[in-house]
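These are the residues of each chain, in order.
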Amino acid sequence: MSDANSSDESGSANSHRESESYLPAPETGELFIEIPVSPVPYFIQESLPDGNTPMGEIAAEGELYRGLSSPYTPRWVTLASWPVLGLPTCVSLGLAIAEGIAIIQQAHAAGIHSADFGVMLVQAGALLVAVFLSALVLVVLAKGTLAQIKRSQR
């Protein structure tokens, strides 16, 4: 039995010496740490939102307005957005302001104690929301146009 144990020990010693001949000699003076390459890409490519779902439609509109307010939008898109988005928005803003003035005049003539005052108050609130949304679209268009002008002046 001692012969079998000695042959196993010598066999493992030989295999250990053989593996050392394939490996490089360890360097004693340098310390280093290997950092693996990150599998995450440097840029994250977002997928385009699906405009067929309600949330996708909201996301698509957000992408549209974000792109329009950017200075890197093509000039023809910026110019075409004013008649396509700006003109109808200006018309609806003008109609909302005219209706708001009519409601204010009607409320002033009827007085606070009128039975229709609550209805007029709700109408005024709805018109304020319409004015705010219309003004928001115009601000986005103006921001993009001003950014284009500043970029072209550089």
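Please refer to the structure higher up on the page.
Everything in this summary refers to the structure shown in the same document. (Residues numbered from 1 in each chain as written. Predicted model: local features only at pLDDT ≥ 70, side-chain atom pairs only at ≥ 80, totals over all residues. Heavy atoms only, no water.)

1. A closer look at the overall build of the chain
Moving on, step 1. Counting secondary structure elements, the chain contains 4 helices and 0 strands.
Moving on, step 2. Each helix (α) and strand (β) of the chain, taken in turn from the N terminus, gives the series α-α-α-α.
Moving on, step 3. Among the 154 residues that make up the chain, the fraction classed as buried is 16%.
Moving on, step 4. For the chain, the exposed area adds up to about 12800 Å²; of that, 66% sits on carbon and sulfur atoms. (Helix = DSSP H or I, 4+ residues; strand = E, 2+ residues; numbered from the N terminus. Buried < 20%, exposed > 50% of the residue type's maximum accessible area, 1.4 Å probe, protein only. Areas by Shrake-Rupley, 256 points an atom, 1.4 Å probe, with all protein chains shown as cover.)

2. A few points about the side chain of Thr-73
Moving on, step 1. Secondary-structure assignment places Thr-73 in the loop between α2 (54-68) and α3 (75-110).
Moving on, step 2. Not counting chain neighbours up to four residues away, the residues in contact with Thr-73 comprise Gly-67, Leu-68, Thr-78 and Gln-148. (Contact = heavy atoms within 4.5 Å.)

3. Concerning the pattern of salt bridges
Moving on, step 1. In this structure the tally under the stated criterion is 1 salt bridge.
Moving on, step 2. Between Glu-63 and Arg-66 there is a salt bridge; the shortest N-O distance is 2.8 Å. Separated by 3 residues within a single helix, Glu-63 and Arg-66 lie in helix α2, roughly one turn from each other. (Salt bridge = Lys/Arg side-chain N within 4 Å of Asp/Glu carboxyl O.)

4. Brief notes about the packing of α3 against helix α4 (residues 117-153)
Moving on, step 1. As a packed pair, α3 and α4 sit with axes 8 Å apart at the nearest point and diverge in direction by 155°. Between α3 and α4, the angle is such that the two are roughly antiparallel. Crossing of α3 over α4 shows left-handed handedness.
Moving on, step 2. Split into classes, the residues belonging to the contact of α3 with α4 amount to 19 nonpolar, 12 polar and 2 charged. (Axes fitted to C-alpha atoms, helices over the stretch in contact; angles between N-to-C directions. Parallel < 35°, antiparallel > 145°, perpendicular 65-115°, else oblique. Left-handed = near helix turned anticlockwise from the far one by under 90°. Nonpolar A, V, L, I, M, F, W, Y, C, P; charged D, E, K, R; others polar.)

5. Some points on the nonpolar core
Moving on, step 1. Listed in full, the 5 residues of the largest apolar core are Ala-96, Ile-103, Ala-107, Met-120 and Leu-127.
Moving on, step 2. Within the residue set of this core, elements represented by two or more residues are α3 and α4.
Moving on, step 3. In terms of residues, this core owes the most to one element, α3, which gives 3 residues.
Moving on, step 4. Among all residues touching Ala-96, those that are not within four sequence positions of it are Leu-127, Ala-130 and Val-131. (Core = buried A, V, L, I, M, F, W, Y, C linked by side-chain atoms within 4.5 Å.)

6. Topic: a nonpolar patch on the surface
Moving on, step 1. A cluster of nonpolar side chains, namely Val-129, Phe-132, Leu-133 and Leu-136, defines an oily patch on the protein surface of about 390 Å² accessible area.
Moving on, step 2. With respect to the helices, strands and loops of the structure, Leu-136 is situated in helix α4.
Moving on, step 3. On the basis of relative accessibility, which here comes to 42%, the residue Leu-136 falls in the partly exposed class. (Patch = residues over 30% accessible without salt bridge, like charges linked within 9 Å, V, L, I, M, F, W, Y side chains within 5 Å.)

7. A short note on the side chain of Thr-78
Moving on, step 1. Mapped onto the fold, Thr-78 is located in helix α3.
Moving on, step 2. What makes Thr-78 buried here is its relative accessible area of 6%.
Moving on, step 3. Aside from chain neighbours lying at most four places away, what touches Thr-78 is Thr-73, Thr-145 and Gln-148.

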